[in-house]
Amino acid sequence: MVELKNNGYENLVIAINPGIPEDGKIINNIKDMMTDASAYLFSATQRRAYFRNITILIPLTWVRDPSYSRVKTESFDKADVIIADPFLKYGDDPYTLQYGGCGEPGKYIHFTPNFVTDDSLLTVYGPRGRVFVHEWAHLRWGVFDEYNNDRPFYISGNLNIQATR
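Residues numbered from 1 in each chain as written. Predicted model: local features only at pLDDT ≥ 70, side-chain atom pairs only at ≥ 80, totals over all residues. Heavy atoms only, no water.

## Re helix α1 (residues 24-44)
For α1, built from 21 residues, the straight-helix expectation of 30 Å at 1.5 Å per residue is met to within 8% by its first-to-last C-alpha distance of 30 Å. Among all positions of α1, only Ile26, Ile27, Asn29, Ile30, Met33, Met34, Ala37, Ser38 and Leu41 are buried. The residue sitting at the N-terminus of α1 and contributing the capping side-chain oxygen is Asp23; that oxygen lies 2.9 Å from the backbone nitrogen of Lys25. Once α1 finishes, Gln46 follows within two positions and takes phi at roughly 55°, a positive value. (Helix = DSSP H or I, 4+ residues; strand = E, 2+ residues; numbered from the N terminus. Expected span 1.5 Å × (residues − 1). Buried < 20%, exposed > 50% of the residue type's maximum accessible area, 1.4 Å probe, protein only. Polar contact = N/O pair within 3.5 Å; in protein donor to acceptor, adjacent residues only side chain to side chain.)

## Section: helix α4 (residues 128-141)
The terminal C-alpha atoms of α4 lie 19 Å apart, and with 14 residues this matches the ideal 20 Å at 1.5 Å per residue to within 8%. With respect to burial, α4 is a largely interior element, 10 of its 14 residues being buried. Within α4, burial applies to Arg128, Gly129, Val131, Phe132, Val133, Glu135, Trp136, Ala137, His138 and Leu139. Downstream of α4 by a residue or two, Gly142 has a phi angle that is positive, lying close to 70°.

## Notes on the sheet that holds strand β4 (residues 50-51)
Strand order across the open sheet formed by three strands is β1-β2-β4, with mixed pairing between neighbours. Edge positions in the sheet fall to β1 (3-5) and β4, since each has one partner strand and no second. Taken together, the three bridges between β1 and strand β2 (residues 8-10) define a ladder with antiparallel strand orientation. By the bridge assignment, Lys5 is partnered in β2 with Gly8. Contacting β1, β2 and β4, α4 crosses the sheet at an angle of about 70° to β2. (Pairing = 2+ DSSP bridges. Contact = heavy atoms within 4.5 Å. Axes fitted to C-alpha atoms, helices over the stretch in contact; angles between N-to-C directions.)

## Comments concerning the pairing of strand β8 (residues 108-111)
Residues in a regular strand point their side chains to alternate faces of the sheet. Residue alternation in β8 divides its side chains into two sets, Tyr108 and His110 and Ile109 and Phe111, and both sets are buried. Sheet topology places strand β6 (residues 81-83) next to β8; three bridges connect them, and they run parallel. Bridging from a neighbouring strand, Val81 pairs with Ile109 of β8. Here three bridges tie strand β7 (residues 95-97) to β8, and the two strands are oriented antiparallel to one another.

And the structure:
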């Protein structure tokens, strides 16, 4: 469970789906993404928050590396961020699964292996660290997209219809 301690987020779990073929670039790019995301979050929150530590859950189907630690209580099903094949609706679009209303945290962030490894997608989505912080706002604080073609309006607490923003 992710906790904020002394301005640092701890216990964030990023899990790679066991069906994803082994690729060291995925691990390296996750590390780079999170380093950039931490710096961006630190700046965006006016030095109030950053990512102190993360755990990358490597599938058991991948070759064991001596630098990997043993799994403790982490699992793919309980991960905060998953790296998995795309769903037809989203393609390589990053997204956060949100069931609740605005202000209610999401279930997980979903990235595809292509999003994590294909640098040509940076022109479409922007820097991975910034995208991560954008999705983090959905996951952690239940922030809705300021753009939404499927649901361009929402109903506020006093039952007024308002545009997303």
